[in-house]
Amino acid sequence: MKILPRCFVPANVTGWLGFASAAYAATEADVLKSFSPYSTGMPSFPGLTSGMKIGKDNVDRFKEVLDAGTFMMVKNGWFDIKTAPTMSFDVVPKYIEASRINLNKTRLGDKPGELVGYVGGRPFLEEPQESDPRAGEKIAWNFRYGAGETFTIRPVQWKYRNLLSGKVERSLLVNVHALKFKYRVETPPTPEIQPNPSNLLNATYLMVNEPMDLKNTQLLIQRYDNDLKLDDAYMYFGFQRRVRRLSTGQTTDAFLGSDTMIEDFGGYNARVSETQWTFNGTRNMLLPFYNHNEQNLTDEYKDPTGFRYVAFTGQGGCFPDVRWQLRKVYVVTGVPLLASHPVSRRVFLFDAQTNTIAVSLIYDRKGELWKVGLLGKTHPDYQMASNKGVGVPIDDSGTMIDVQAKRCSTGQFKSFIDPKLNPPNFFQVQQLRSGD
């Protein structure tokens, strides 16, 4: 597949693109449809009933509601999909209200990566259309400016596994913190944390607690509100006791020897302007959305609070043992614009209600399927009591399956939505040194 350079949009059509992006005006009905897609009824598919199991013997009947990677893995007998009723993952009301107040104030700039007039909420509320050449880009912006202002995963039980034998090759214990600095609608201070001299949009901090040879390895990513400005990323290595700034290319390296790149975090951890986006249509598809306390939970870890993590199952123990729901999905293809990028394209399944990514397919430079990423989302009211009512789906389990190398990296998450765990000074370079 040919990778287009960043200047792939000819100058004589940028004005047309800007005009096209402004031609679709959202209405109050679009606000309801965007945040409450199931208000008029739940999705269905012929022959699919809640509670049924989809395995290699019957998966052909349900190919249309599965992405190509998941279909292949079920067809291979690597795991079965257990299904559950579709339920609404209601988004925090203040974010919905901000979206309504700012309806149609945001428009795409003439160049990819430019956004004009955005002040808060979901930027684009209209139902995406395949006739809109920039619909995929709008969905990407909605993801970038999604609901939620803070989260902490403390810890991630992270394992590197052999897909064929199930052998655990490495185990890590990792803490992850994230904070939104701008466009805040719920947690004071709003709408922005001050001071913010660098005009950061958000920041992510990661620290390894185990094993000993990686202990105190830390990663800090600072993302600017200006999408055209490169992120700042820093690594701290405890055994060296020094901070090293990461180059752009290092975000596509295997992170700490896993099957996951920094760019893969959260489904897509890069800038909108780094990718050419194409909207491939709206479909009803199965996604790993579920209620945590109704799943198969493991007693492997003895958490002092009594919290129990999602169990894993299937080939190599590589698959979260959770139920999947039939949900309204936006299918989007992203082609990296950097010619040297190791990925030729990604296919994302965006949950339409929450605009989060639950499934991503990653294709290598030859255009062949390389990795499948699954990110399990729990409803916040069915996990820890402290997260009830937060109005964002909570990352609860994840796996990155390298279908070529037959390996996987699995994550079991204990996630908190608690601003007290993420003071702004936690996301500065100085914190990397003090964390040792």
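Refer to the structure printed above.
About the thresholds
Residues numbered from 1 in each chain as written. Predicted model: local features only at pLDDT ≥ 70, side-chain atom pairs only at ≥ 80, totals over all residues. Heavy atoms only, no water. Helix = DSSP H or I, 4+ residues; strand = E, 2+ residues; numbered from the N terminus. Rg over C-alpha atoms; globule rule 2.2 N^0.38 Å. Buried < 20%, exposed > 50% of the residue type's maximum accessible area, 1.4 Å probe, protein only. Contact = heavy atoms within 4.5 Å. Areas by Shrake-Rupley, 256 points an atom, 1.4 Å probe, with all protein chains shown as cover. Lys, Arg positive; Asp, Glu negative; His and termini not counted. Charge placed at Lys NZ, Arg CZ, Asp CG, Glu CD. Core = buried A, V, L, I, M, F, W, Y, C linked by side-chain atoms within 4.5 Å. Phe/Tyr/Trp six-rings, centres within 6.5 Å; stacked < 30°, edge-to-face > 60°. Salt bridge = Lys/Arg side-chain N within 4 Å of Asp/Glu carboxyl O. Polar contact = N/O pair within 3.5 Å; in protein donor to acceptor, adjacent residues only side chain to side chain. Pairing = 2+ DSSP bridges.

Novice: Please clarify how the overall build of the protein chain should be interpreted in this entry.
Specialist: The helix and strand tally for the protein chain stands at six helices and 20 strands. The C-alpha radius of gyration of the protein chain comes to 21 Å, within 12% of the 22 Å expected for a compact globule of 436 residues. Expressed as lengths along the three principal axes of its C-alpha atoms, the size of the protein chain is roughly 60 × 55 × 45 Å. In the protein chain, which comprises 436 residues, the proportion classed as buried is 60%. A separation of at least 24 residues holds for 64% of the contacts in the protein chain among residues at least 6 apart in sequence. For the protein chain, the accessible surface area stands at approximately 18100 Å², while carbon and sulfur atoms represent 52% of it. For the protein chain, the distance from the average site of its 52 positive side-chain charges to the average site of its 45 negative ones is 3 Å.

Novice: Teacher, can you tell me more about the nonpolar core here?
Specialist: Note on soluble globular proteins: their nonpolar side chains tend to be buried together. Of all hydrophobic cores here, the largest spans 43 residues; its most connected members are Leu 48, Ile 54, Leu 286, Phe 319 and Ile 401. If you list the elements that add at least two residues to this core, you get helix H3 (68–75), strand S11 (275–287), strand S12 (289–290), strand S15 (323–336), strand S16 (345–351), strand S17 (357–363) and strand S18 (369–378). Filtering out sequence-adjacent residues up to four positions away, Ile 54 remains in contact with Leu 48, Val 59, Phe 62, Val 74, Asp 80, Ile 81, Thr 83 and Leu 286.

Novice: For this particular structure, what's the right way to read unusual backbone geometry?
Specialist: Across residues other than glycine, the phi torsion is negative in most instances, and most of the peptide bonds are trans. A cis amide bond, omega 5°, links Arg 154 with the succeeding residue Pro 155. Assignment of secondary structure puts Pro 155 in strand S5 (residues 150–162). In this structure, Asn 104 takes a positive phi of about 70° despite not being glycine. Mapping Asn 104 onto the fold places it in the loop between helix H4 (93–101) and strand S3 (107–108). Residues other than glycine seldom take positive phi values, yet Lys 406 does so here, at roughly 60°.

Novice: Honestly, the packing of aromatic side chains in this entry has me stumped. Any pointers?
Specialist: Between two aromatic rings, the relevant description is the distance of the centres plus the angle of the planes. Considering all chains together, one arrives at 22 aromatic pairs under this definition. For the pair Tyr 205 and Phe 426, a centre-to-centre distance of 4.9 Å together with 75° between the ring planes defines the contact as edge-to-face. Of this pair, Tyr 205 sits in strand S7 (residues 200–210) while Phe 426 sits in the loop between strand S20 (407–416) and helix H6 (429–434); the two residues are 221 residues apart in sequence, bridging distant segments of the chain. Accessibility expressed as a relative area gives 2% for Tyr 205, which makes it buried. Note on Phe 426: relative accessible area 18%, which makes it buried. Note on Phe 307 and Tyr 309: the rings are 5.1 Å apart at their centroids and 85° apart in plane angle, and the pair reads as edge-to-face. A relative accessible area of 8% places Phe 307 in the buried class.

Novice: Help me understand the pattern of salt bridges in this model?
Specialist: Opposite charge on two side chains lets them pair, provided their charged atoms get close. By the definition in use, this model includes 26 salt bridges. A salt bridge links Glu 300 to Lys 159; the shortest N-O distance between them is 3.6 Å. Of this pair, Glu 300 sits in the loop between S12 and strand S13 (312–313) while Lys 159 sits in strand S5, and the two are 141 residues apart along the sequence. Close ionic contact of Glu 368 with Lys 366 constitutes a salt bridge, the shortest N to O distance being 3.9 Å. A residue is classified by how much of its surface remains accessible, and Glu 368, at 43% relative accessible area, is partly exposed.

Novice: What is the right way to read helix H5 (residues 135–144) from this model?
Specialist: Within an α-helix, residues lying three or four positions from one another point in the same direction, as the helix has 3.6 residues per turn. In terms of burial, H5 is largely enclosed, as nine of its ten residues are buried. For H5, the set of buried residues is Ala 135, Gly 136, Glu 137, Lys 138, Ile 139, Ala 140, Trp 141, Asn 142 and Arg 144.

Novice: Help me understand the side chain of Asp 227, please; the structure alone is not making it clear to me.
Specialist: With respect to the helices and strands, Asp 227 occurs in the loop between strand S8 (218–224) and strand S9 (232–237). Overall, Asp 227 belongs to the buried group, its relative accessible area being 2%. Of the polar contacts made by the side chain of Asp 227, one reaches the backbone nitrogen of Val 272; its length is 3.0 Å. If sequence neighbours within four positions are ignored, Asp 227 has contacts with Gly 113, Trp 141, Arg 144, Arg 271, Val 272 and Ser 273.

Novice: Can you walk me through the pairing of S17 in this structure?
Specialist: Among the seven residues in S17, seven count as buried, and that is most of the element. Here S16 runs beside S17; their pairing, made up of six bridges, is antiparallel. Looking at S17, one finds that Arg 346 is bridged to Ile 362. What sits between S16 and S17 in their antiparallel hairpin is a turn of five residues, with Asn 355 showing a positive phi close to 55°. In the sheet, S17 pairs with S18 via five bridges, with the strands oriented antiparallel. By the bridge assignment, Val 359 is partnered in S18 with Leu 374.

Novice: It is not clear to me how the environment of Leu 164 should be interpreted in this structure. Could you clarify?
Specialist: By the element assignment, Leu 164 lies in the loop between S5 and strand S6 (168–180). Sequence spacing of Leu 164 and Cys 318 is 154 residues, and the spatial spacing of their C-alpha atoms is 9.8 Å.

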